[in-house]
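Inside the fold
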Amino acid sequence: MVSFVDETAGMYAQPTQLIRHEQVAPGYHLLEFDCPQIAAAARPGQFVHIRVTSSWEPLLRRPFSVMGTNKEEGSFQVLMRTVGEGTQILAEAQSGTEFNIMGPLGNGFALPGPEGEVILVAGGIGVAPLIFLATALHEPNNYRYVRGLFGARTEDDLCCWLEFSGACDEFNGITEDGSVGEQGLVTDFLPPQLERGAGCLYACGPALMLAEVAKQCQDAEIPCYVSVEQQMGCGVGACLGCVIPIHASGTQRYQRVCKDGPVFDAQIVDWEAIRRGCTPG
Ligand SMILES: Cc1cc2nc3c(=O)[nH]c(=O)nc-3n(C[C@H](O)[C@H](O)[C@H](O)COP(=O)(O)OP(=O)(O)OC[C@H]3O[C@@H](n4cnc5c(N)ncnc54)[C@H](O)[C@@H]3O)c2cc1C
Ligand code: FES
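Small disclaimer: the values here were computed from a predicted structure and weren't measured.

In this structure the tally under the stated criterion is seven aromatic pairs. Note on Phe150 and Phe164: the rings are 6.0 Å apart at their centroids and 80 degrees apart in plane angle, and the pair reads as edge-to-face. Here the residue Phe150 occupies a position in strand S10 (residues 146-152), and Phe164 occupies one in helix H4 (residues 161-166), the gap between them amounting to 14 residues. For the pair shown, Phe150 and Phe164 are each scored as buried. Pairing Phe164 with Phe171 gives two aromatic rings, centres 5.8 Å apart and planes at 90 degrees, and the pair type is edge-to-face. Relative accessible area serves as the criterion here: at 0%, Phe164 is assigned to the buried category.

The immediate surroundings of ligand 1 are formed by 20 residues, with Arg62, Pro63, Gly86, Thr87 and Gln231 found nearest. Within the backbone of Gly86, a nitrogen or oxygen atom sits 2.7 Å from an oxygen atom of ligand 1. For ligand 1, an oxygen atom lies 2.6 Å from a polar atom in the side chain of Gln231. Burial of ligand 1 by the protein amounts to 76% of the accessible area it has alone, namely 860 Å². Those elements that place two or more of their residues in the shell around ligand 1 are strand S5 (62-65), strand S7 (75-81) and helix H2 (85-91).

Basis of the calculations
- Residues numbered from 1 in each chain as written.
- Chains lettered and ligands numbered in written order.
- Predicted model: local features only at pLDDT ≥ 70, side-chain atom pairs only at ≥ 80, totals over all residues.
- Heavy atoms only, no water.
- Phe/Tyr/Trp six-rings, centres within 6.5 Å; stacked < 30°, edge-to-face > 60°.
- Helix = DSSP H or I, 4+ residues; strand = E, 2+ residues; numbered from the N terminus.
- Buried < 20%, exposed > 50% of the residue type's maximum accessible area, 1.4 Å probe, protein only.
- Near = heavy atom within 4 Å.
- Polar contact = N/O pair within 3.5 Å; in protein donor to acceptor, adjacent residues only side chain to side chain.
- Areas by Shrake-Rupley, 256 points an atom, 1.4 Å probe, with all protein chains shown as cover.

Next up, the structure:
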């Protein structure tokens, strides 16, 4: 397997062993990998790019947010939802299997300034990077009062809510079908949180949820940072396969999720174009 290290960029690509694999809900898997370099370097909001097989099919790596690190053990965790071929291969992998993993990649969340409480809004599998962020915000050096909102379709999709709520000072779980927690969309429960005021808000989840969160934050004049998902090719800024529309500045109409993101200031993203299903071109 190919292996390289770019220590100046703090990025590694190397054979990495899966050391723990637990199905935490139907279709959801917690994967822990042994990689002291990524465990030491990863910051909340960054992702790893995993080659799920050593054969040609599927050819492209798959991106996953880092959900947490264990620096003492030299490992990091990923929370994965099975959606297609690549994630199915990972879902069937046994502990001890080696994968070529590149990371940590992308720009993580900039930690908030000292003023105000922090709101975290997670939708579905978007909880993964926010668990890492909430944990970091409870470290003594970075401590902030954190209010977490986590919405998903059903109880099963509210996966790892205990890990998320345990890292927040206040927590609100919401399901669309009302199977657990409050019933509705996570964005239905955001207005009272914004009315209470906050220093800033971070969100990760489906694009339409992020668009609504961005709009509410803009109206409330609260800074908002979103972690965006997009299908990826190279993962390192070379192929332009992952761009999203942004409000034009000069001739620049797109930014790369892998290199310029995945975390963006919500106000620069062109949510209207995303709502219209605008594809880069
Ligand atoms: C920065 C980033 C972080 C991510 N973090 C996580 C995470 O922590 N946990 C997790 O489970 N998933 C995460 N994803 C999504 C994950 O990468 C995709 O679900 C995965 O690549 C799908 O691979 P597949 O081969 O199983 O699916 P495919 O067979 O490639 O596709 C199956 C279906 O999923 C859709 N899909 C594929 N890739 C993506 C994508 N990147 N974003 C949205 N839809 C996609 C396809 O359109 C298709 O409908 C992240 C994506 C990005 C860009
Ligand atoms: S995936 Fe190639 S530029 Fe982003």
